[in-house]
Amino acid sequence: MSAVAPGGAIGILGGGQLGRMLAIAAAQLGLDAHIYTDEPDSPAARVSAKTVVADYHDHAALAAFAHGVDAVTTEFENVPADTAQALIDAGAIVRPNARALAIAQDRLLEKDFFNAQGIATAPYAAVDAEGDLAKALETAGAPAILKTRTLGYDGKGQARIASAADARAAYAALGRAPCILEGMCGFAMEFSIVAARGEDGAFAAYAPTANTHRDGILWRSIAPAPIAQALCAQATDATRALMAALDYVGVLAIEFFLMPDGALLANEMAPRVHNSGHWTIEGARTSQFEQHIRAVSGWPLGPPESLGAAEMLNLIGDDVSQWRDHVGSPGAHVHFYGKREARAGRKMGHVTWVGG
Ligand code: AMP
């Protein structure tokens, strides 16, 4: 496609904080963000040129949305297949492509894809019925973690299994949905690679980011992650190869486990900007949000180099009540997402510090 010129419009599926930060980046580049969401009063809507509030299966609304924009992207991976298809049928350029979205939203397809790409994962097996549990436990080993294949995020749709006796209860707790059972990894560190691929195949990766979770939700990120150069190269090269294999356009993140023996295992990928890349807004020469909009618009990628060591802290639920301390702290870059209510586990904002 020809590059979207300033004055054009980028459609974003989803109205959360990622859509909000994408819309802000788009505005800086002279592009209008059009949000498509099923939620009224979303964080992204309040900073965007236009918002459509409609169901993700409303094909007429999707077609009208597609006609008003130059390209469509998403801020969440669980875009229903018929939503992507309706946009494509209406002539929209959808980035990342439908195949990347389909793989990333199904943990089984995702793990199979990692392995097909030569990227190791924890041992895993599909669980389609209760009768599969015993054999899956043999493959994955105990302790293990049962995850729904689709619609899980931030630790939701997961149950830990200490022994074979737990497995049936865990499966019932997950509603007997199609699952995968994964061996529990005693990792030394979790880190992610956030990278972009342009329409021309150009690749740009950010510094690796070490991540700490609280109750299954990302809490703190540090970049660069304290890992050896060779390991960083291994993870970055794997990300580059995976994105090329998907003919991917846009930003993508891969979450890795670093094992105590130095082995690298891929956990999951996110076909979008990622919470562990928020530090790039102030900490890199081009933020992940600008980078994604550049890629989706068919523009050259910007330089991803870091401007200093960075730390990012998520403000989750009631953490945001400390906002006065953060806004009063010199050197703290504060971001609030404009959510009306601070529910437990809800990402309300983040704070970034960038060193010299
Ligand atoms: P996920 O939704 O797969 O990213 O899982 C959320 C978090 O649960 C991860 O960031 C890890 O901290 C933890 N986790 C997920 N899978 C495993 C595993 N196989 N072994 C150990 N911890 C895991």
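Residues numbered from 1 in each chain as written. Predicted model: local features only at pLDDT ≥ 70, side-chain atom pairs only at ≥ 80, totals over all residues. Heavy atoms only, no water.

### Topic: the overall build of the protein chain
Alright, step 1. The helix and strand tally for the protein chain stands at 11 helices and 17 strands.
Alright, step 2. In terms of overall size, the protein chain behaves like a compact globule, its C-alpha atoms giving a radius of gyration of 20 Å where 356 residues would be expected to give roughly 21 Å.
Alright, step 3. C-alpha extents for the protein chain along the principal axes are approximately 60 × 50 × 40 Å.
Alright, step 4. Total accessible area computed for the protein chain in this model is approximately 14,400 Å², and 53% of it derives from carbon and sulfur atoms.
Alright, step 5. Mean positive and mean negative side-chain charge positions of the protein chain (27 and 38 charges, respectively) differ by 3 Å. (Helix = DSSP H or I, 4+ residues; strand = E, 2+ residues; numbered from the N terminus. Rg over C-alpha atoms; globule rule 2.2 N^0.38 Å. Areas by Shrake-Rupley, 256 points an atom, 1.4 Å probe, with all protein chains shown as cover. Lys, Arg positive; Asp, Glu negative; His and termini not counted. Charge placed at Lys NZ, Arg CZ, Asp CG, Glu CD.)

### Digging into unusual backbone geometry
Alright, step 1. Residue Pro143 is bonded to the preceding Ala142 through a cis peptide linkage, with omega at 0°.
Alright, step 2. Following the sequence through the fold, Pro143 ends up in the loop between helix 6 (133–140) and strand 6 (144–148).
Alright, step 3. Cis geometry is found at the peptide bond from Ala223 to Pro224, where omega equals 5°.
Alright, step 4. Located in the positive-phi region is Asp41, a residue other than glycine, with phi close to 60°.
Alright, step 5. For Arg176, which is not glycine, the phi dihedral falls at a positive 55°.
Alright, step 6. Summarising the element assignment, Arg176 is placed in the loop between helix 7 (164–173) and strand 8 (179–183).

### Details of the packing of aromatic side chains
Geometrically, a pair of aromatic rings is defined through the distance of the ring centres and the angle of the planes.
Alright, step 1. This structure, assessed with the given rule, holds 6 aromatic pairs.
Alright, step 2. With centroids separated by 5.2 Å and ring planes inclined at 70°, the aromatic side chains of Tyr36 and Phe65 adopt a geometry described as edge-to-face. Taken together, the residues span a long stretch of sequence, with Tyr36 in strand 2 (residues 32–37) and Phe65 in helix 2 (residues 59–67) at a distance of 29 residues. Judged on exposure class, the residue Tyr36 and its partner Phe65 are both buried.
Alright, step 3. Ring centres 5.4 Å apart and planes at 55° place the aromatic pair Tyr56 and Phe76 in the tilted group. Of this pair, Tyr56 sits in the loop between strand 3 (50–53) and helix 2 while Phe76 is found in the loop between strand 4 (71–74) and helix 3 (81–89), placing the two residues 20 residues apart along the sequence. (Phe/Tyr/Trp six-rings, centres within 6.5 Å; stacked < 30°, edge-to-face > 60°. Buried < 20%, exposed > 50% of the residue type's maximum accessible area, 1.4 Å probe, protein only.)

### A few points about the sheet that holds strand 8
Alright, step 1. Pairing in this open sheet of 4 strands is antiparallel, and the strands run 5-8-6-7 from one edge to the other. The sheet terminates laterally at strand 5 (124–127) and strand 7 (158–161), the two strands that pair on one side only. Neighbouring strand axes in the sheet, compared pairwise and without regard to direction, differ in orientation by 25° on average.
Alright, step 2. On top of the sheet, helix 5 (residues 107–116) reaches strand 5, strand 6, strand 7 and strand 8; it is set at about 150° to strand 5, its chief contact.
Alright, step 3. Where helix 7 meets the sheet, it contacts strand 5, strand 6, strand 7 and strand 8, and its direction lies at approximately 170° from that of strand 7. (Pairing = 2+ DSSP bridges. Axes fitted to C-alpha atoms, helices over the stretch in contact; angles between N-to-C directions. Contact = heavy atoms within 4.5 Å.)

### Here's the deal with helix 2
Alright, step 1. Taken together, the buried positions of helix 2 are occupied by Ala61, Leu62, Phe65 and Ala66. Down the axis of helix 2, the buried set is contained in an arc of 135°. They therefore lie on one face. Away from the buried face of helix 2 by more than 90 degrees, exposed residues Ala60, Ala64 and His67 are located. (Arc of directions from axis to C-beta.)

### A look at helix 3
Alright, step 1. Every buried residue of helix 3 is accounted for by Thr83, Ala84, Ala86 and Leu87. All buried residues of helix 3 lie within an arc of 160° about the axis, which places them on one face of the element. Exposed residues lying more than 90 degrees from the buried face of helix 3 are Ala81 and Asp89.
Alright, step 2. Elements in contact with the buried residues of helix 3: strand 1 (9–13), helix 2, strand 4 and helix 4 (98–104).
Alright, step 3. Gly91, located one to two residues past helix 3, shows a positive phi value of around 95°.

### Structural notes on the packing of helix 1 (residues 17–28) against helix 10 (residues 288–296)
Alright, step 1. Two elements in contact, helix 1 and helix 10, have axes whose closest approach is 8 Å; the angle formed by their N-to-C orientations is 70°. As summarised for this structure, helix 1 and helix 10 are arranged roughly perpendicular, according to the angle between their axes. Only Phe289, Glu290, His292 and Ile293 of helix 10 make contact with helix 1, whose side of the interface consists of Leu18, Met21, Leu22, Ala25 and Ala26.
Alright, step 2. Along the lines of polarity and charge, the residues of the contact of helix 1 with helix 10 split into 7 nonpolar, 1 polar and 1 charged. (Parallel < 35°, antiparallel > 145°, perpendicular 65-115°, else oblique. Nonpolar A, V, L, I, M, F, W, Y, C, P; charged D, E, K, R; others polar.)

### Looking at the sheet that holds strand 2
Alright, step 1. Across the sheet, which stays open at both edges, the 4 strands sit in the order 3-2-1-4 with parallel pairing between neighbours. One side of each edge strand has no neighbouring strand; the edge strands of this open sheet are strand 3 and strand 4. Adjacent strand axes in the sheet meet at a mean angle of 20°, parallel and antiparallel pairs treated alike.
Alright, step 2. In the sheet, strand 1 pairs with strand 2 via 5 bridges, with the strands oriented parallel. Looking at strand 2, one finds that Gly11 is bridged to His34.
Alright, step 3. Of the strands in this sheet, strand 1, strand 2, strand 3 and strand 4 touch helix 2, which is tilted by about 175° from strand 2.

### Thoughts on the nonpolar core
Soluble globular proteins: nonpolar side chains tend toward being buried together.
Alright, step 1. Formed by 38 residues in total, the largest nonpolar core has its most connected members in Ile10, Leu31, Trp279, Phe289 and Ile293.
Alright, step 2. Contributions of two or more residues to this core are made by strand 1, helix 1, strand 2, strand 9 (189–197), strand 12 (217–223), strand 13 (250–258), helix 10 and strand 15 (310–316).
Alright, step 3. Among the elements that line this core, the one with the most residues is helix 1, at 6 residues. (Core = buried A, V, L, I, M, F, W, Y, C linked by side-chain atoms within 4.5 Å.)

By themselves, these are just geometric observations and shouldn't be taken as functional.
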